[in-house]
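Structural description and commentary
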Amino acid sequence: MLRWFTTLMLFASFLGLGLSVAIVGPTFQDLATNVNRNISSLSFIFVGRAFGYLSGSVIGGLLVDVMNYFLLLGISMLATTVGLYLVPFCKTAVLLTVMMCVFGTSIGILDTGGNVLILALWGDKGAPHMQALHFSFALGAFLAPLLAKLALGPTASAENCTEADFHHPALNRSSEADSEALFGVPNDMNLLWAYAVIGTYMFLVSVILFGLFFKNSSKQEKTRASAQTSRRAKYHNALLCLLFLFFFFYVGAEVTYGSYVFSFATTHAGMKESEAAGLNSIFWGTFAVCRGLAIFFATCLQPGTMIVLSNIGSLTSSLFLVLFDKKPICLWIATAVYGASMATTFPSGISWIEQYTTIHGKSAAFFVVGAALGEMAIPAVIGILQGKYPDLPVVLYTSLGASIATGVLFPVLYKLATSPLDHQRKENRKSEDQKALLSSSGLNEYEEENEEEDAEKWNEMDFEMIETDDTMRHSIIETSRSSSMEPTAEIYNQYPSNALVFESSPVNTGSSI
């Protein structure tokens, strides 16, 4: 029951993680208004958050091996709560960027620690729980825009402000005025409520995690001590490096397609904005739905099988996207299949590698950093290439190239992970053959010993028979001697019967004569 309760708390934590990450998008314009900047000049807050996420992943990987899981996750959740409460009060762009960096650090620690803890709880049997963990994140990312719209409603910044309005003198204060107030009450209180609701939720979950820490601090030390003898693959470091590249291409392609499919549909495919928005929605919709269905698929399918199916689906759909980039019906179908194929790869990859080598904090941080770098680097490069070659579907080429890369990397990963196992199986077979030979030789020795014992028994039986024959001889001799004292007629009458006995023994015949 405690393990299941801890798992549910992890799901709740990742639900809050999805809410925290996705709330920035729908409130971005309100944050720009709050710090008196335009949207284009405030985009570097995402760079700050991404840098913090990378740092948090590394820090979390180092701390999760030496700290209590619940304490580390509770502190990261509490830090996320503080960041969510303070973001609406930031009145300068620099302070908002710093706050986003701290915010990204806390969610990076939470992401790494959550993945390691779910593996520590369930081991190589945790594929369904890993899928459910990442589905919770997707669910939170889906609910965040709805929560922002319900909490914010039609704000003044969303209705009346345009890109040109951000350059109005009334909105652009001087640097002296900005330096006077680093923190202040936000212009729109709905912005405060949106972040406060998510921050309160994160705070409640952190309180429960601290409660689990005080209750189970000693038990985790025993678990960590027993985990020191965990399995380690022969090519452990090579597997981690290849998995780093695998997640780099996978996450980079996922974020790139989700970010640029709208602009691709409007500029290259000639779709209306409403149709392009629907194309974008169907990608993330099928992504979220299939990640939820993967919870049930993982109970009957191995993680490696799910990765192979995902690679086949993403490769096929991206190839159709490249070949039929001008046909709307093919774009709709292929986009839906592509979103569904990308849904299960990341959690299945973590569950798959756990089957062959134990994943600790540093190992998890390594491939999480790979995923984060892919999320940062590939969309940035594609944005530059798309600007230089506007007539080419660079986004679709990226999806196809990433699908080919992951399709090639996974067989190599599988070969490295299973080749020592094949060698070990051969050794086990040799040892079994040796045991069989030893047991067969032992059986032969046992049979020889049995034969010797049987021979001894037969010899003893022969001696007994001889002794019995000697007794019978003595009795017959006594009988014959007593009978010689009787009349001759009686002797002749008894002779035939005695002769029969004497004929059976030559020694008796000689003695009688």
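For clarity, every value in this text was computed on a predicted model and none was experimentally measured. (Residues numbered from 1 in each chain as written. Predicted model: local features only at pLDDT ≥ 70, side-chain atom pairs only at ≥ 80, totals over all residues. Heavy atoms only, no water.)

1. Topic: the layout of surface pockets
Stated precisely, the cut-off is as follows: Every definition here rests on a 1 Å grid over the protein atoms only: cavities are sets of points where a 1.4 Å probe fits but cannot get out, pockets are open sets enclosed by protein on both sides within 12 Å along at least five of seven lines, and lining residues have some atom within 4 Å of a point. Grid points are joined across faces, edges and corners, and a volume is the space filled by probe spheres set on the points. Numbering of helices and strands runs from the N terminus, with a helix taken as a DSSP run of H or I at least four residues long and a strand as a DSSP run of E at least two residues long. Three classes are used, and their members are as follows: Ala, Val, Leu, Ile, Met, Phe, Trp, Tyr, Cys and Pro are nonpolar, Asp, Glu, Lys and Arg are charged, and the others, Gly among them, are polar.
The volume enclosed by the largest pocket comes to roughly 2,000 Å³. Around the largest pocket sit 49 residues that line it, and Val-21, Phe-137, Val-255, Trp-284 and Glu-375 are the ones nearest its centre. Elements represented by at least two residues in the lining of the largest pocket include exactly helix H1 (2-22), helix H3 (44-63), helix H5 (93-122), helix H6 (127-152), helix H10 (236-267), helix H11 (273-297) and helix H15 (361-388). Residues belonging to the lining of the largest pocket are distributed by class as follows: 35 nonpolar, nine polar and five charged.

2. Overview of the nonpolar core
What counts is decided by this rule: To qualify as a nonpolar core, a set must consist of buried Ala, Val, Leu, Ile, Met, Phe, Trp, Tyr and Cys residues joined through side-chain atoms within 4.5 Å. Relative accessible area decides the class of each residue, using a 1.4 Å probe on protein chains only: under 20% of the type maximum gives buried, over 50% gives exposed, and in between gives partly exposed. Contact definition: two residues touch when any of their heavy atoms are within 4.5 Å.
Counting residues in each nonpolar core, the largest one holds 110 residues, and the members touching the most others are Phe-247 and Phe-367. It is H10 that provides the largest number of residues to this core, a total of 16 residues. Excluding its chain neighbours within four sequence positions, the residues that come into contact with Phe-247 are Gly-252, Thr-345, Phe-346, Gly-349, Ile-350, Phe-367, Gly-370 and Ala-371.

3. Considerations on the packing of aromatic side chains
Rule in force here: Working definition: rings of Phe, Tyr and Trp (its six-membered ring) pair if their centres are within 6.5 Å, and the pair is stacked with planes under 30 degrees apart, edge-to-face with planes over 60 apart, and tilted otherwise.
Following the criterion strictly, the structure yields 15 aromatic pairs and no others. Taken together, Tyr-257, Phe-283, Trp-284, Phe-287 and Tyr-338 form an aromatic cluster joined through their ring pairs.

4. Re the confidence of the model for the protein chain
Heads up, the rule is: pLDDT: the predictor's confidence for each residue, scored from 0 to 100.
Averaged over every residue, the pLDDT of the protein chain is 75; residues scoring 70 or more account for 71%. Residue range residues 155-179 is modelled with pLDDT below 50. Its contacts to residues more than four positions away, or to other chains, number 30 contacts. Here residues 222-229 is modelled with pLDDT under 50, and outside its nearest four sequence neighbours on either side it reaches six contacts, counting other chains as well.

5. Section: the packing of H10 against H11
Relative orientation and spacing of two packed helices are given, respectively, by the angle between their axes and the distance between those axes. The following threshold applies: Lines fitted to the C-alpha atoms define the axes, with helices restricted to the stretch that makes contact. Angles between their N-to-C directions range from 0 to 180 degrees. Note that the term roughly parallel is reserved for angles under 35 degrees, roughly antiparallel for angles over 145, roughly perpendicular for angles of 65 to 115, and oblique for everything else.
Their axes nearest at 6 Å, the elements H10 and H11 cross at an angle of 155 degrees. If you check the angle between H10 and H11, you find them roughly antiparallel. In contact with Tyr-250, Glu-254, Tyr-257, Gly-258, Val-261, Phe-262, Ala-265 and Thr-266 of H10, H11 contributes Glu-273, Ala-276, Ala-277, Leu-279, Asn-280, Phe-283, Trp-284, Phe-287 and Arg-291.

6. A word on the environment of Leu-143
Along the polypeptide, Leu-143 turns up in helix H6. A relative accessible area of 33% means that Leu-143 is categorised as partly exposed. Between the C-alpha atom of Leu-143 and that of Gly-18, which follows or precedes it by 125 residues, the distance is 8.5 Å. Apart from residues no more than four positions distant in its own chain, Leu-143 is found in contact with Leu-15 and Leu-19.

7. Things to note about a nonpolar patch on the surface
The following threshold applies: Candidate patch residues must exceed 30% relative accessible area and have no salt bridge, after which like charges are joined if within 9 Å and Val, Leu, Ile, Met, Phe, Trp or Tyr side chains if within 5 Å. Exposure was quantified through the Shrake-Rupley algorithm and a 1.4 Å probe, taking into account, for residues, occlusion by the shown protein chains and nothing else. One speaks of a salt bridge when a side-chain nitrogen belonging to Lys or Arg is within 4 Å of a carboxyl oxygen belonging to Asp or Glu.
Taken together, Val-289, Leu-293, Phe-296, Phe-297, Leu-301, Val-308, Leu-309 and Ile-312 make up a surface patch of nonpolar side chains, about 730 Å² in accessible area. Every element with two or more residues in the nonpolar patch is listed here: H11 and helix H12 (303-323). With four residues, H11 is the largest single contributor of residues to the nonpolar patch. In this structure, Phe-297 sits in helix H11.

8. Some remarks on unusual backbone geometry
Unusually for a residue other than glycine, Asn-36 sits at a positive phi of about 60 degrees. With respect to the helices and strands, Asn-36 occurs in the loop between helix H2 (28-34) and H3.

9. Here we look at empty space enclosed by the protein
Rolling a probe over the atoms, with the probe sized like a water molecule, indicates the empty space that remains. Following the criterion strictly, the structure yields one cavity of 30 Å³ or more and no others. In this model, the largest cavity occupies a volume close to 70 Å³. Lining the largest cavity are 13 residues, and of these Tyr-250, Ser-314, Met-342, Ser-403 and Thr-406 lie nearest its centre. Elements with a contribution of two residues or more to the lining of the largest cavity: H10, H12, helix H13 (328-342) and helix H16 (394-484).

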